[in-house]
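For reference, the chains in residue letters:
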Amino acid sequence: MTPNNISSAASFLDQQPDFKPSDILFRNFARYLLESTGISQLPGSLDLIRKRHNLNRHDRTLPQSRGFLLGDTIFINSEDPDSVKRFTEAHEIMETLVIAIRPEIPAHSRLKFERDKEKWCEGGAAELLMPDELFFPLVKKQGINLDSSRQIAGVCQTSLTATIRRMLDSNLSPCIFALLQEGYKKHQIVPTRNGQGVLWGNSSDWDPPAELRVLRYWKSPQVKTILIKNESFSHDNLAYQVFQSGIIGKVKTGQEILELEKIQGTYLTEAMLVTIENTASVMSLIHL
Ligand SMILES: [Zn+2]
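On a predicted model such as this, the values are computed, not experimentally measured, just so you know. (Residues numbered from 1 in each chain as written. Predicted model: local features only at pLDDT ≥ 70, side-chain atom pairs only at ≥ 80, totals over all residues.)

Asker: Is there a simple way to explain the environment of Ala239 in this structure?
Answerer: Looking at where Ala239 falls in the secondary structure, it is placed in helix α10 (residues 238-245). You can call Ala239 buried: it has 28 C-beta atoms within 10 Å. For the pair Ala239 and Ile257, spaced 18 residues apart in the sequence, the C-alpha separation amounts to 12 Å. Every residue in contact with Ala239, bar those within four places of it in the chain, is listed here: Leu180, Leu212, Phe233, Ala271, Val282 and Ser284. (Helix = DSSP H or I, 4+ residues; strand = E, 2+ residues; numbered from the N terminus. Buried ≥ 20, exposed ≤ 12 C-beta atoms within 10 Å, placed from the backbone. Contact = placed C-beta atoms within 7 Å.)

Structure follows, in structure tokens:
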């Protein structure tokens, strides 16, 4: 039996002669779903897309996963916040295209396809929830900053991280967006972490101070420089100040000196403390 959802993805593929699986193909699939469902304003209703394309959604506790697609049913982890569930649902809708494409992939390319398809589904999900022609005018009007990202996330019903990443895609201005968490470098000697014996006292007394480090980052397409994963921000930086304040959700903005591995000089930066999966994290936006 061919589930109905596959036939939606298959009819999209029929319109793509000589398609190559790519980020663009998945983004085009998102646009096809929006157009065929008649969605022309934000927030786009995933319920409507599912109904139009004969997909079902079930929410249940999924301890190891945000969600998955089984036949024509999308399972979503009921424990996740609503904005995360929405992105997961959009991602799993994109997985219907993966199922339609998979048999077409030659055996020697399948491993690479499996690796790449998650990234493509993420891009397609972002396009589905924040499509270019509806989303970019909002970014142009409000500019790229942490306050505007909160407003736009409210409009799109998406998480702050997903929203800011998509705002960077607009390429309106050169920015780097980073998530920072306190921690150590992988090979750093940290007695409590390594379960190492110490000469006297508690092993925690021997731990070096943890630093606020780059967990992940994203940049506007026009930005050529990079952050280095795990590099640390200085204790003088705004990122550290908001981290130490312990005040969640308050944006601090200012010109400051950055002395990172690839970025040195004075820049306008913004920082805000948030919690991500119960861990205190700093969102840092660097305007280059
Ligand atoms: Zn996936």
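Asker: I keep staring at the nonpolar core and nothing clicks. Help me out?
Answerer: Nonpolar side chains tend toward joint burial in soluble globular proteins. One finds Ala239 and Val282 to be the most contacted residues of the largest nonpolar core, which totals 63 residues. The leading source of residues in this core is helix α4 (residues 82-101), at 8 residues. Contacts of Val282, omitting those with residues within four sequence positions, involve Leu180, Leu212, Ala239, Val242, Phe243, Ala271 and Leu273. (Core = buried A, V, L, I, M, F, W, Y, C linked by C-beta atoms within 7 Å.)

Asker: What should I look at first to understand the packing of helix α6 (residues 132-142) against helix α7 (residues 146-156) in this one?
Answerer: The packing of two helices is summarised by the inter-axis angle and the distance between the axes. One can describe the packing of α6 onto α7 by two numbers: an axis separation of 10 Å at closest approach and a directional angle of 150°. One way to sum up the angle between α6 and α7 is to call them roughly antiparallel. For α6 against α7, the interelement crossing comes out right-handed. For the pair α6 and α7, contact is made by Leu138, Val139 and Gln142 and by Ser148, Gln151, Ile152 and Val155, respectively. Each residue belonging to the contact of α6 with α7 can be placed in one class, and the counts come to 4 nonpolar, 3 polar and no charged. (Axes fitted to C-alpha atoms, helices over the stretch in contact; angles between N-to-C directions. Parallel < 35°, antiparallel > 145°, perpendicular 65-115°, else oblique. Left-handed = near helix turned anticlockwise from the far one by under 90°. Nonpolar A, V, L, I, M, F, W, Y, C, P; charged D, E, K, R; others polar.)

Asker: I'm lost on the sheet that holds strand β5 (residues 211-219) in this one. Help?
Answerer: To summarise the sheet geometry, strands pair through backbone hydrogen bonds and adopt either a parallel or an antiparallel arrangement. Here we have 5 strands laid out as an open sheet, ordered β5-β4-β8-β7-β6, and antiparallel in their pairing. Two strands in the sheet have a free side with no partner beyond their single neighbour: β5 and β6 (252-259). The mean angle between the axes of side-by-side strands here comes to 35°, regardless of whether they run parallel or antiparallel. Relative to strand β8 (residues 279-287), strand β4 (residues 175-183) is paired through 7 bridges, and the arrangement is antiparallel. Pairing of Ile176 across the sheet is with Ile286, part of β8. Relative to the sheet, helix α8 (residues 160-169) contacts β4, β5 and β8, its axis offset from that of β4 by approximately 150°. (Pairing = 2+ DSSP bridges.)

Asker: Help me understand the confidence of the model for the protein in this model?
Answerer: Note: predicted coordinates in regions of low pLDDT should not be interpreted at a detailed level. With 96% of its residues at a pLDDT of at least 70, the protein reaches an overall mean of 92. In this model residues 1-5 is a low-confidence stretch, pLDDT under 50, and it forms 10 contacts with partners more than four residues away in sequence or in other chains. (pLDDT = per-residue confidence, 0-100.)

Asker: Quick question: what am I supposed to make of the sheet that holds strand β1 (residues 56-60) here?
Answerer: Overall, mixed pairing links the 3 strands, which are arranged β1-β3-β2 in an open sheet. Edge positions in the sheet fall to β1 and β2 (67-70), since each of these pairs with one other strand and no more. Averaged over all pairs of adjacent strands, the angle between strand axes in this sheet comes to 20°, irrespective of strand direction. Where β2 meets strand β3 (residues 73-77), 4 bridges bridge the pair, whose relative direction is antiparallel. In the sheet register, Leu69 faces β3, and the bridge partner there is Ile74.

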